[in-house]
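Per-entry structural report
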Amino acid sequence: LEETQNWDEYFSNGNTYRDEIIKGAQNTLDTTTAKDSLNLYARVLLFKFHRDQQDAFVEDALSNLMNSSLEYSKEATNIIPIKDVADQLLSYGEKAKSRQLYKIYVDKLITSPELKDEDLENIALGFYKEENIELAETVYDAYIERIKGAYPKEKLIPILSEIAQQFLYKDKGLKDPLYAEKIFKEMEELAGLGAFDEELIYMRAFNLEKTKEYTQAKDYYLDLVTRYPTSIHTDEADYKVGVIYTYILRDPKTAKSYFEKLAQKETITPQVISSLYQLGLLSQWEANLTKAKEYYNNLL
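Below you will find a few notes about this structure. (Residues numbered from 1 in each chain as written. Predicted model: local features only at pLDDT ≥ 70, side-chain atom pairs only at ≥ 80, totals over all residues. Heavy atoms only, no water.)

Mapping D55 onto the fold places it in the loop between helix 2 (37-53) and helix 3 (58-75). With relative accessibility at 26%, the residue D55 sits in the partly exposed group. Within the structure, D55 has its side chain in polar contact with the side chain of H50 (distance 2.8 Å). (Helix = DSSP H or I, 4+ residues; strand = E, 2+ residues; numbered from the N terminus. Buried < 20%, exposed > 50% of the residue type's maximum accessible area, 1.4 Å probe, protein only. Polar contact = N/O pair within 3.5 Å; in protein donor to acceptor, adjacent residues only side chain to side chain.)

Written as structure tokens, this is what we have:
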């Protein structure tokens, strides 16, 4: 009625309909037990109803829903309702509680003796494609934990790399840069920095930059330049190191060395141009107007 803006019926019968929702859900609770999935769905309905109404019963409804979910999960053979409840909680912004139920769902899922490693990986990928990032990460965590002790490093590292790249920062699409960095750390613990090739170092540095972990990002940009001095990302890496030293670490002296390195290059790139501008700004800030004018003229 709200969506169709049918206000005549909304105001004349709205309270009656609300009473019917509460009574119907309560009748279900009275005639079922916590072992029944229908009992759980009635709890979900009541929680959603009270949350949408923003009334005084929201916290009780949420508490009852979680208690019933945990009770149901103890002996449940049908685990789909657990996921359904977690999905609803997530849609209402209850991330911690939804993750708790997703963990239970996954734990029960992976205890199936028929479930193979590739099945678990496909389940995680399926949730990722559904854009259920919470559940995708929970299943990936279970999958990684399962294969860590069973696969050799040379097989494990490419799998971890592929998972991390799904969650890297991107302008559009599903992302969780913090989770991507978590997987990168797993890789580094297993095989050291040798686990990262040129592109992967760049991806990690850029991902850290976007999570505002600037000091760590700077370190990986420097590692990229050291290990791959002719990389297509070298100019960008040097420039970003200079910017981080200037505006984050407040060390303009060190920053200038990176901008000067770029400014002296014969091949003009956007970073070379930007470095001349940054050098002009820094010189102006230092009250060296002659030098600032020189950089600005070179820029022009």
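Let us now look at the nonpolar core. Residues L89, L101, Y105, I163, F167 and M187 are the most contacted members of the largest nonpolar core, which totals 73 residues. Setting aside its immediate chain neighbours within four residues, I163 contacts Y140, Y143, I144, Y179 and I183. (Core = buried A, V, L, I, M, F, W, Y, C linked by side-chain atoms within 4.5 Å. Contact = heavy atoms within 4.5 Å.)

Turning to helix 3, a few remarks are in order. Along an α-helix, residues three or four positions apart point the same way, because every turn accommodates 3.6 residues. For helix 3, which comprises 18 residues, the first-to-last C-alpha distance of 27 Å matches the rise-based estimate of 26 Å (1.5 Å per residue) to within 8%. Of the residues making up helix 3, those classed as buried are V58, A61, L62, L65, M66, S68, S69, Y72 and S73. Buried residues belonging to helix 3 abut helix 2, helix 4 (80-91) and helix 5 (95-110). (Expected span 1.5 Å × (residues − 1).)

To continue, consider the packing of aromatic side chains. Within the structure shown, the criterion is met by 15 aromatic pairs. With 5.3 Å between their ring centres and 75° between their planes, Y128 and F167 make a pair best called edge-to-face. Of this pair, Y128 sits in helix 6 (residues 117-129) while F167 sits in helix 8 (residues 153-167), and the two are 39 residues apart along the sequence. Just as Y128 is buried, F167 falls in that class too. Where Y277 meets Y296, the ring centres are 6.4 Å apart and the plane angle is 45°; that geometry is what we call tilted. Highlighted residues: Y277 in helix 14 (residues 270-285) and Y296 in helix 15 (residues 289-299), separated in sequence by 19 residues. Residue Y277 is classed as partly exposed on the basis of its relative accessible area, which comes to 40%. (Phe/Tyr/Trp six-rings, centres within 6.5 Å; stacked < 30°, edge-to-face > 60°.)

Along the chain, K240 turns up in helix 12 (residues 234-247). If sequence neighbours within four positions are ignored, K240 has contacts with F206, E209 and Y221.

The phi dihedral of Q54 is positive, around 55°, even though this residue is not glycine. Accessibility expressed as a relative area gives 70% for Q54, which makes it exposed. Not every positive phi belongs to a glycine, and R250 is a case in point at roughly 55°. The residue R250 is located in the loop between helix 12 and helix 13 (252-263) in this model.

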